[in-house]
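Residues per chain are reported as follows:
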Amino acid sequence: MMKTQTQTTMAFVAFLLLGTKLLCGQASAAAKPAPDVLVFVNGDTLSGTLLRGVGKSVVFKSEMAGEITVPLEKIKELRSTGSFAVLRNDVPVTRAAVQTGPLIYSDKNITIASPGVTPVTVPAAEVGYLIDKTTYDRELSRRAGPLTGWNGSILGGATLVRSTTNDNTFTAGISLYRAIPAVPYLPARNRTTVNVQETYGKQTSPGFLTGVAPNPVTGIIPAVVIKTNVFHADAERDEYFSPRFYVLAQSSFDHNYAQGLDLQATYGIGVGWTPFKTANQQLDVKADVHYETQKFFSLLAGTPAQATQNLIGSTFAEAYRWNLPRKLVFTESANVLPAWNNLDAYSANASAALTMPLFRRLSLQFSTTDNFLNNPAPLFKKNSYQFVTGLTYNLR
């Protein structure tokens, strides 16, 4: 009797588990939306997900073809169960509310058909952007908060030598970048960049290696200490008044022990132009008018430091970024800073970097920087060159 009751109980539990599994499976199937369907003009059909549209083409993702870009002229029909917004190409992109809903493309027209709302139809020739509702709400309809959209990387590197000569060299930096909207296919409204980097080193060598005379009182040969300290920081805010042109405000700060430069600071306003911007490459050209101060120090005891320079000048700059295959990234920039009230007090700098992915957010970076100062402190060279190898951690 007991055995029969146990078998009955086990069978009942198994029935409940099976029923629960079937109900969960049905609920999951019901919750999962139907795939979007794209029909080509030749009759071929592709199912997947509509991601976005820019101009006269759409980006569609499927398991068979992956992520592809398809011109609208090659599409006979497109149906998406997702929620999309259509922005016209003759209307500036603003935060004004637009209707969102499922999308239908047919007969060279795009229709947003929200339940209970009059459908909105836009001719394909007048479409500027197709944006999913999540992206539209995040990037356009809401005002970005001060902490929204930041991206960037942290750089670190070190060299340690322990022998007759002791050598310590450390490099650290952080680069922050914020573009609103954050997605690259929408026209930019503003952009903010912040960069800080410092290379600090100290080499200590016994005095007898360099021929230093012993102290006449103690007879001890003092050690020779050589320092390296190169610091750079800059910040820039760009406000776009067209897709390619913007106004900017910038400041920068430099300290370079190798040139006798205690501090060079600039504060300026100017304009910028983006000649081209694609998914893989971007070039910016900028010019400003700024106030600049140069303060020097002297390493020779009893020798007065060079007089501080107060300058009115300009910065002419270019910055280039190239996304290479295998997620390699090449960046390059150059700046020339003439001073209009002292033509001898000009400076320039150029840098280039190659970043290689290693593991997840970690990358290996090779960078080179050359700083030129036409009027360094007495006995110092005009050029200061660095080559840095370090690890970077991408924040996003």
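Everything below is about the structure shown above.
None of the values given here were measured: they were computed from a predicted structure. (Residues numbered from 1 in each chain as written. Predicted model: local features only at pLDDT ≥ 70, side-chain atom pairs only at ≥ 80, totals over all residues. Heavy atoms only, no water.)

1. A closer look at the overall build of the chain
No. 1: Counting its secondary structure elements, the chain contains two helices and 21 strands.
No. 2: Considering only contacts within the chain whose residues lie at least 6 apart along the sequence, 52% involve residues at least 24 apart.
No. 3: Accessible surface for the chain amounts to roughly 23500 Å². Of this, 62% is attributable to carbon and sulfur atoms. (Helix = DSSP H or I, 4+ residues; strand = E, 2+ residues; numbered from the N terminus. Contact = heavy atoms within 4.5 Å. Areas by Shrake-Rupley, 256 points an atom, 1.4 Å probe, with all protein chains shown as cover.)

2. Structural notes on a nonpolar patch on the surface
No. 1: On the surface, a nonpolar cluster with roughly 690 Å² of combined accessible area is contributed by I154, I174, V196, L358, F359, L362, L391 and Y393.
No. 2: Elements represented by at least two residues in the nonpolar patch include exactly β19 (347-359) and β21 (383-394).
No. 3: In this structure, I174 sits in strand β11 (residues 166-180).
No. 4: We classify I174 as partly exposed; its relative accessible area is 32%. (Patch = residues over 30% accessible without salt bridge, like charges linked within 9 Å, V, L, I, M, F, W, Y side chains within 5 Å. Salt bridge = Lys/Arg side-chain N within 4 Å of Asp/Glu carboxyl O. Buried < 20%, exposed > 50% of the residue type's maximum accessible area, 1.4 Å probe, protein only.)

3. Some words on the side chain of T193
No. 1: For T193, the location among the structural elements is in strand β12 (residues 190-205).
No. 2: Excluding residues within four positions of it along the chain, T193 makes contact with L176, Y177, D234, A235 and E236.

4. Re the packing of aromatic side chains
No. 1: Enumeration over the complete set of coordinates arrives at seven aromatic pairs.
No. 2: On the numbers, 6.1 Å between centres and 10 degrees between planes, the contact of F245 with W273 is stacked. Remark: W273 occurs in strand β15 (residues 261-277) and F245 occurs in strand β14 (residues 245-256); sequence separation between them is 28 residues.
No. 3: Overall, the relative accessible area of 38% leaves W273 in the partly exposed class.
No. 4: Cluster of aromatic residues (ring-pair linked, three or more members): F241, F245 and W273.
No. 5: Above the ring of Y246, the side-chain terminus of R191 is found at 5.1 Å from the ring centroid. (Phe/Tyr/Trp six-rings, centres within 6.5 Å; stacked < 30°, edge-to-face > 60°. Lys NZ or Arg CZ within 6 Å of the ring centre and 35° of its normal.)

5. Thoughts on the nonpolar core
No. 1: By size, the foremost hydrophobic cluster in this structure holds 20 residues, and its most contacted members are I75, L78 and L103.
No. 2: At four residues, the largest contribution of residues to this core is made by strand β5 (residues 75-88).
No. 3: Setting aside residues no more than four positions away along its own chain, L78 makes contact with V37, L38, L50, F60, L103, I104 and Y105.
No. 4: Grouped together as the second largest cluster of nonpolar side chains are nine residues, A85, L87, L140 and Y185 included. (Core = buried A, V, L, I, M, F, W, Y, C linked by side-chain atoms within 4.5 Å.)

6. Observations concerning the side chain of T111
No. 1: Tracing the sequence through the fold places T111 in strand β7 (residues 109-112).
No. 2: A polar contact is formed between the side chain of T111 and the side chain of T121, at a distance of 3.1 Å.
No. 3: Each residue touching T111, except ones within four places of it in the same chain, is listed here: P102, L103, I104, P119, V120 and T121. (Polar contact = N/O pair within 3.5 Å; in protein donor to acceptor, adjacent residues only side chain to side chain.)

7. Focus: the pairing of strand β18 (residues 329-337)
No. 1: Here eight bridges tie strand β17 (residues 309-323) to β18, and the two strands are oriented antiparallel to one another. Residue pairing in the sheet places A319 in a bridge with S333 of β18.
No. 2: In textbook terms, the turn of a hairpin is the stretch between consecutive antiparallel strands, and for β17 and β18 this stretch comprises five residues, one of which, R326, has a positive phi near 60 degrees.
No. 3: Pairing between β18 and β19: nine bridges, direction antiparallel. Along β19, the bridge assignment pairs V329 with T355. (Pairing = 2+ DSSP bridges.)

8. A short note on the pattern of salt bridges
No. 1: Taken as a whole and assessed by the stated rule, the structure comprises nine salt bridges.
No. 2: A salt bridge links R52 to E67, with the nearest nitrogen and oxygen atoms 3.9 Å apart. Here R52, found in strand β2 (residues 45-54), pairs with E67, found in strand β4 (residues 66-71); they are 15 residues apart in sequence, far enough to count as distant.
No. 3: Residue D238 is joined to R191 by a salt bridge in which the shortest nitrogen-to-oxygen separation is 2.9 Å.

9. Some details on helix α2 (residues 133-141)
No. 1: All of the buried residues along α2 are T135, Y136, D137, E139 and L140.
No. 2: The inward-facing, buried residues of α2 abut β5 and β9 (127-132).

10. Some words on the sheet that holds β18
By way of backbone hydrogen bonds, the strands of a sheet pair with one another, either parallel or antiparallel.
No. 1: Pairing within the closed barrel is antiparallel, and its twelve strands lie in the order β10-β11-β12-β13-β14-β15-β16-β17-β18-β19-β20-β21. Across the sheet, the axes of successive neighbouring strands diverge by a mean angle of 20 degrees, strand direction being ignored.
No. 2: For strand β16 (residues 281-296) and β17, the ladder comprises 14 bridges, and the chain directions are antiparallel. When the sheet's bridge partners are listed, K286 is paired in β17 with A317. (Axes fitted to C-alpha atoms, helices over the stretch in contact; angles between N-to-C directions.)

11. Describing the pairing of β19
No. 1: Across twelve bridges, β19 lies against strand β20 (residues 362-373) in antiparallel orientation. Opposite A350, over in β20, you have D370 as the bridge partner.
No. 2: The hairpin turn running from β19 into β20, its antiparallel successor, is two residues long, and R360 in that turn takes a positive phi close to 50 degrees.

12. Notes on unusual backbone geometry
In terms of backbone geometry, most residues other than glycine have negative phi values and most peptide bonds are trans.
No. 1: Of note, the amide linkage connecting I180 to P181 takes the cis form, showing an omega dihedral of -5 degrees.
No. 2: Within the fold, P181 resides in the loop between β11 and β12.
No. 3: Even without a glycine there, the phi angle at D107 is positive, about 55 degrees.
No. 4: At K108, a position not held by glycine, the phi torsion is positive, near 60 degrees.
No. 5: Following the sequence through the fold, K108 ends up in the loop between β6 (100-106) and β7.
No. 6: Classification of K108 as exposed rests on a relative accessible area of 64%.

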